[in-house]
Every structure is written in C-alpha cells, then in structure tokens.
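Working through the structure, step by step
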Amino acid sequence: MASTHFWIRHESRATERRAPVVPADVLRLLDEGFRVTVEDSPQRIVPTEDYHSAGAEIAEPGSWVDAADDVVVVGIKELPEEPRELRHTHVYFAHAFKGQSDATETLGRFEAGGGRLFDVEYLLDDQARRVVAFGYWAGYVGAALGVLQLAGRLESPLTHLAKADLDQQLRDAHDAVADADILVTGARGRSGRGARAALAVNHHEPTRWDRLETERLDMDDLFRHDYVVNCVGIKTPQTPFVTPADLDRERRMRLIADVTCDVTSDANMLPVNTAITSWDDPVRRFEGAGGPLDVIAIDNLPSLLPLEASETFSADLTTHLLNFTDPDEPTGPWAAAGWSFERAMHQLQQG
C-alpha cells in the first residue's frame, strides 16, 4: 500500500481558481492507499465540500507550512512569500529553471530549508515530452482573448467564464475579425491545438507554424499577419520573433497573444515585451513607426476556464501521482523533474 501524503494547498494568487486535483481523482488516490489533505479555499472552482465527500481530510488555507516534513505539497502557481525556508517536497509550476526573474530567490528558499521541488513543467517522458500541462486551455483562452481584442470587444477586468459563454462571445465576434490574417506558432503542440480550437469556434482557419517554420524564420511572412498567437515553448534561446526594433518596421501585425508567456527569461521569443499583463489590464500597447502593437501576456490563462482546465489537468497529474510512492527515489517523469531541480540547484550554488 502507498503511504505518501499529498497536501493540496490553497492558491495564494487571488485570480487563481484552478485545482491541481479534483474530487474524482482524490478518490483514485485514496483507493490506492495514499493519504490526501485538501486546504479549504473559497476561490477554488471546486467546493471544499466535494473534497470532504470524496474522503479527503480538510485543513485551513496555508496550513501546509506546519504539516509534517514528509508531506508532499501540491499546487499550481507560485508559493506565498512566507516561509522563506522551504522544507517540504513541492509539486507545482515554479518557473525557476530558465533564468526567470524570481528564479534565484525561489531556488534559494529550497536551499535554505532543505526542501525539494518537482516542477510540473519538467515531468517528461523518455522522449523528453511533457506529460502533464494546462497547455490546451491556455491556448484556447489566449487565442480567444486576442479575437475579442481584435474585434474591440475585450472588456476588463477579466472574469472567470463558463466555456459556453466564451464560445458565444467568439461566435458573436466573427464578422468583426473575418478579414484578419491570423497565425498560430507552435500549432501542433497542446497550446497550439487549443488556440486552433478556439479560432474554429470563431470560424477562423489560421496559418499554422511549427518547428520547421520557426527554425527557418520568414520575417516578411510573420509580419504580414494581423494577429499572432504564440504557442512556442523553448528551453534555450533562439532567434526571436518580435523585438523592440520591429515596432518601427512596416507590418500588418497589430496584436500578439503570448500564450507561452516566457517574458522574463532568455527563452522569450517575443522580447518586444518583458512583463506579464494582468486580469485588470490584460493588454499592453507598444507604439512605433509601424503603428501600435498590442500584447496580451497573462501567465494563468487557463484559470479563466477553471473547471475545464482543472478536470483535464487533474486526470493527467493523478495518473503520475499514483506512481509517486517514494519522493526520495523518484522514477519515470518524476526522476526527470528531480534531475532538473538538482541541476538548477547546482547552478545556483556555483553562482
């Protein structure tokens, strides 16, 4: 029987309503002998009562900080600022392995407390492919927000939506964007497929770029598009798509939805923008001789469709949590994530 104790934490970010594990998958874990504690969270899309009914233990928000050392804390986005020393094993998206702006601070907290990080982004199979991701719904929402902005119908602040409501907005916006040339980069990946699905609801068939087009970058072809949905995720720097200098070039491009949102790392394919946008202010405008360029770069896009995003993600993550029986000797994708953490810590210590 498994003995690992998973602790599903409340998300400290006010706009984060997703759940890394939903009640149906809590049942899967409990049936295999795992222990599951879920923190109460009034903002989570899934009611706490549903977790209690599934058999999970319920705890106060943020109480993971006082949990036993061997608890595995599972979340989605960034940890709260305290405690400064992290002693637990954590599973979440830390965004700390590619030189992001907060990477040194985040890794330093793990070093100080002796804890470990299994970053969900680095759960990889034998072919180095991600096995768990929110990518599809990130692409879906990112592409949809861009369509609404292009149509002059994007209202802020953004709010959480039911998919049926978002789809109706996409259909209603069709006539306003019917003549736009739209490009999806990374079109074959999870995010790219999600972006294409949202554009299909809008009755739009975009140009599709994938690895070949990215490697053989045709700048003239890129800038002839009115709207670009960027779904390219890279680990090491490559020739960027749009730089500050491109603001002055002749172009049709007037809008980018940056689904990848790697805005503070050297892997940013769109260095024209180096900061995220927010739910309160989802669009940042840049001015140049080539005309204005709007950028949407929200780093928790799937939380705008929190139920669908949570259910899809939870099903995939739980399949791997079921194999996370010994954090000290991880196997499969967990071993890959563990190695990425050890490499990042080594680099931190080497300065």
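My aim in this report is to walk through the structure given alongside it, one point at a time. Keep in mind the model is a prediction, meaning the values are calculated, not measured.

Moving on: the sheet that holds strand E6 (residues 116-119). Remark on secondary structure: sheet strands pair via backbone hydrogen bonds, oriented parallel or antiparallel. The strand order across the open sheet formed by six strands is E3-E2-E1-E4-E5-E6, and the pairing between neighbours is parallel. In this open sheet, the two edge strands, each paired with only one partner strand, are strand E3 (57-59) and E6. Taking each pair of neighbouring strands and ignoring which way they run, the sheet shows an average axis angle of 25°. As judged from the four bridges shared by strand E5 (residues 89-92) and E6, these two strands associate in the parallel manner. Looking at the pairing, Tyr 92 lines up with Asp 119 of E6.

Below, the discussion takes up empty space enclosed by the protein. Enumeration according to the criterion identifies one cavity of 30 Å³ or more in this entry. Of the volumes computed, that of the largest cavity is approximately 30 Å³. Grouping the amino acids of the lining of the largest cavity by side-chain chemistry returns four nonpolar, one polar and one charged.

Per the counting criterion, the structure on display carries 14 aromatic pairs. Between Phe 324 and Trp 334, the aromatic rings sit 4.1 Å apart at their centres with planes inclined by 25°, giving stacked as the arrangement. Highlighted residues: Phe 324 in the loop between helix H10 (306-321) and helix H11 (333-350) and Trp 334 in helix H11, separated in sequence by ten residues. By the ring-pair criterion, three or more aromatic residues cluster together here, those being Phe 6, Phe 34, Phe 118, Phe 324 and Trp 334. The side chain of Arg 9 reaches across the aromatic face of Tyr 92, ending 5.2 Å from its centre. Taking NZ or CZ as reference, Arg 18 lies 4.3 Å from the ring centre of Phe 134, over its face.

Next up on the list: the packing of helix H1 (residues 23-31) against H10. Remark: H1 packs on H10, axes separated minimally by 10 Å, with the N-to-C direction vectors making an angle of 10°. The orientation of H1 relative to H10 falls into the category roughly parallel. Note on element contacts: H10 touches H1 through Ser 314, Ala 315, Thr 318, Thr 319 and Leu 321, opposite Asp 25, Arg 28 and Leu 29. The residue makeup of the contact of H1 with H10, split by class, is three nonpolar, three polar and two charged.

Moving on to a negative patch on the surface. A cluster of acidic residues, Asp 40, Glu 49, Asp 50 and Glu 60, forms a negative patch on the protein surface. Checked against the element boundaries, Glu 49 lands in helix H2 (residues 48-54).

Conventions adopted
- Residues numbered from 1 in each chain as written.
- Predicted model: local features only at pLDDT ≥ 70, side-chain atom pairs only at ≥ 80, totals over all residues.
- Heavy atoms only, no water.
- Pairing = 2+ DSSP bridges.
- Helix = DSSP H or I, 4+ residues; strand = E, 2+ residues; numbered from the N terminus.
- Axes fitted to C-alpha atoms, helices over the stretch in contact; angles between N-to-C directions.
- 1 Å grid on protein atoms, 1.4 Å probe; cavity = no way out; pocket = protein on both sides within 12 Å on 5 of 7 lines; lining within 4 Å.
- Points joined across faces, edges and corners; volume = space filled by probe spheres on them.
- Nonpolar A, V, L, I, M, F, W, Y, C, P; charged D, E, K, R; others polar.
- Phe/Tyr/Trp six-rings, centres within 6.5 Å; stacked < 30°, edge-to-face > 60°.
- Lys NZ or Arg CZ within 6 Å of the ring centre and 35° of its normal.
- Parallel < 35°, antiparallel > 145°, perpendicular 65-115°, else oblique.
- Contact = heavy atoms within 4.5 Å.
- Patch = residues over 30% accessible without salt bridge, like charges linked within 9 Å, V, L, I, M, F, W, Y side chains within 5 Å.
- Areas by Shrake-Rupley, 256 points an atom, 1.4 Å probe, with all protein chains shown as cover.
- Salt bridge = Lys/Arg side-chain N within 4 Å of Asp/Glu carboxyl O.
- Lys, Arg positive; Asp, Glu negative; His and termini not counted.
- Charge placed at Lys NZ, Arg CZ, Asp CG, Glu CD.

Interpretation in functional terms is not warranted from these geometric data alone.
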